[in-house]
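Observations on chain architecture
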Amino acid sequence: MENTTTENKKRVFSAIKPTGNPTLGNYLGAMKYWGGMADEYDCLYSVADLHAITVSIEPKELRENTKRLFALLIAVGIDPEKNILFVQSHVRSHAEMCWLLNNYTMFGEARRMTQFKEKSEKAPENVNVGLFDYPVLMAADILLYQTDIVPVGDDQVQHVELCRNIAERFNNRYSPTFAMPKAQVTTTGARIYSLLDPTAKMGKSDSNDGGSVYILDTPDDIMRKFKRAVTDCDTKVKAAKDKPGITNLLNIYAAATGVTVAQAEKEFENSDYASFKMRVGEAAVEVLRPVREKYEALRRDDNALLEIMKSGAEKAERAARKTLEKAYKKIGFVRL
Ligand code: TYM
């Protein structure tokens, strides 16, 4: 945290839930960019385990997923020495701040959240209050660190907008307390779709494994999935509204190799679909290979991983406490 005051860098915060198996969509839409931001910004990243229990999850799975995701974040390039990397439940201020912010969030605005509606429909037997409160906990995550920039995929933008409303309401009611955060969405990887149903988001918890490419998939698995990816009845490798399969594959290729979609279209103007799909698969394999190798090395020593978690949590708690205390005082709580 020290460098905020000395260097006046802008603050970045983002997080990812340890539910399901992290996908190429999570990687290209979010995680890929996080490691590289540390030179320019003061960055915090979190494994949002408190968010993970809003859907039904087995204890063993939550534990393993949390460790896996934490190691993966290091493997994608987040250096724990240059960033504050931590597990959300290790920093108690998040749950406390969530309770405070609940009282500055209107039921009506929370009810409008698309993800709440979608998840309620998906699991009607478990529409719990935590699921409803989910975006408020997210607002707590963001506002605790006086965040300026929140790098996220497309689907989280509405939640960041809600967070801004809550911050504004609180700041207006008392006096400026929270920085006003802004969502930052990447241009190419912001929404990666399923390879088998290119109208649905590629999701961590999708039951249909063939549609989602996982970050830790083997090269063989990745190639097999791309080979089976749906295309369309046309033959041109071109992005278009009525060609969601090809558009998605072009997006994946562009995000994985760092070219624009237009450049990718040019590169494949004489290709047939089968060879195009192979090339996209190879690009995904190459972008994920070093991540998987680094991940495997990190998972050989879980005790070392826990030490990194501990040190990250201590740094995060120190920063979070400052804002939390400020909020308590403004509201009128007696502090000791
Ligand atoms: P989560 O865990 O669902 O996803 C983590 C990040 O990955 C992005 N993402 C995608 N991007 C492109 N294509 C896809 N198919 C795709 N799927 C997921 C998401 O947009 C996200 O950026 N609520 C958050 C976690 C969170 C958070 C926060 C984020 C908790 N607190 C505070 C920002 C700030 C979530 O569930 O992300």
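Structure's up top.
Residues numbered from 1 in each chain as written. Predicted model: local features only at pLDDT ≥ 70, side-chain atom pairs only at ≥ 80, totals over all residues. Heavy atoms only, no water.

1. Topic: the overall build of the protein
Summing up its helical and strand segments, the protein has 14 helices and 5 strands in all. Partitioning the contacts of the protein with sequence separation of at least 6, the portion at a separation of at least 24 is 76%. In the structure as shown, the protein presents an accessible area of about 16000 Å², 52% of it carried by carbon and sulfur atoms. Across the protein, 48 positive and 46 negative side-chain charges occur, with their mean positions spaced 3 Å apart. (Helix = DSSP H or I, 4+ residues; strand = E, 2+ residues; numbered from the N terminus. Contact = heavy atoms within 4.5 Å. Areas by Shrake-Rupley, 256 points an atom, 1.4 Å probe, with all protein chains shown as cover. Lys, Arg positive; Asp, Glu negative; His and termini not counted. Charge placed at Lys NZ, Arg CZ, Asp CG, Glu CD.)

2. Focus on the side chain of His94
Secondary-structure assignment places His94 in helix H5 (residues 93-102). When sequence neighbours within four positions are dropped, the list of residues in contact with His94 reads Leu50, Phe86, Gln88, Leu137, Ala140, Asp141, Leu144 and Tyr145.

3. Considerations on the environment of Asn126
Assignment of secondary structure puts Asn126 in the loop between helix H7 (114-122) and helix H8 (129-144). Setting aside residues no more than four positions away along its own chain, Asn126 makes contact with Thr54, Val55, Ser56 and Leu131.

4. A short note on the pairing of strand S2 (residues 42-47)
Burial within S2 is extensive, with 6 of its 6 residues counted as buried. Along S2, one buried face is formed by Asp42, Leu44 and Ser46 and the opposite face, lined by Cys43, Tyr45 and Val47, is buried too. Between strand S1 (residues 11-16) and its parallel partner S2, the chain crosses via helix H2 (residues 24-34), and the hand of that crossover is right-handed. (Buried < 20%, exposed > 50% of the residue type's maximum accessible area, 1.4 Å probe, protein only. Right-handed = clockwise from strand over helix to strand, strands pointing away.)

5. Some thoughts on unusual backbone geometry
Even without a glycine there, the phi angle at Gln146 is positive, about 50°. With respect to the element layout, Gln146 can be found in the loop between H8 and strand S4 (149-151).

6. Digging into the packing of aromatic side chains
Aromatic ring pairs: the centre-centre distance and the angle between the two ring planes describe each pair. Evaluated as defined, the whole model comprises 13 aromatic pairs. With a centroid separation of 5.9 Å and an interplanar angle of 70°, the aromatic rings of Tyr104 and Tyr174 are classed as edge-to-face. Here Tyr174 lies in the loop between helix H9 (157-173) and strand S5 (182-184) and Tyr104 lies in the loop between H5 and helix H6 (107-111), a separation of 70 residues in the sequence. With a centroid separation of 4.9 Å and an interplanar angle of 85°, the aromatic rings of Tyr253 and Phe268 are classed as edge-to-face. One end of the pair, Tyr253, is in helix H11 (residues 244-257); the other, Phe268, is in the loop between helix H12 (261-267) and helix H13 (273-298), and 15 residues separate them in sequence. Owing to a relative accessible area of 7%, Tyr253 belongs among the buried residues under this scheme. Ring-pair connections join several aromatic residues into one group, and the members of that group are Tyr104, Phe170, Tyr174 and Phe178. Lying across the ring of Tyr328, Arg335 places its NZ or CZ 3.9 Å from the centre. (Phe/Tyr/Trp six-rings, centres within 6.5 Å; stacked < 30°, edge-to-face > 60°. Lys NZ or Arg CZ within 6 Å of the ring centre and 35° of its normal.)

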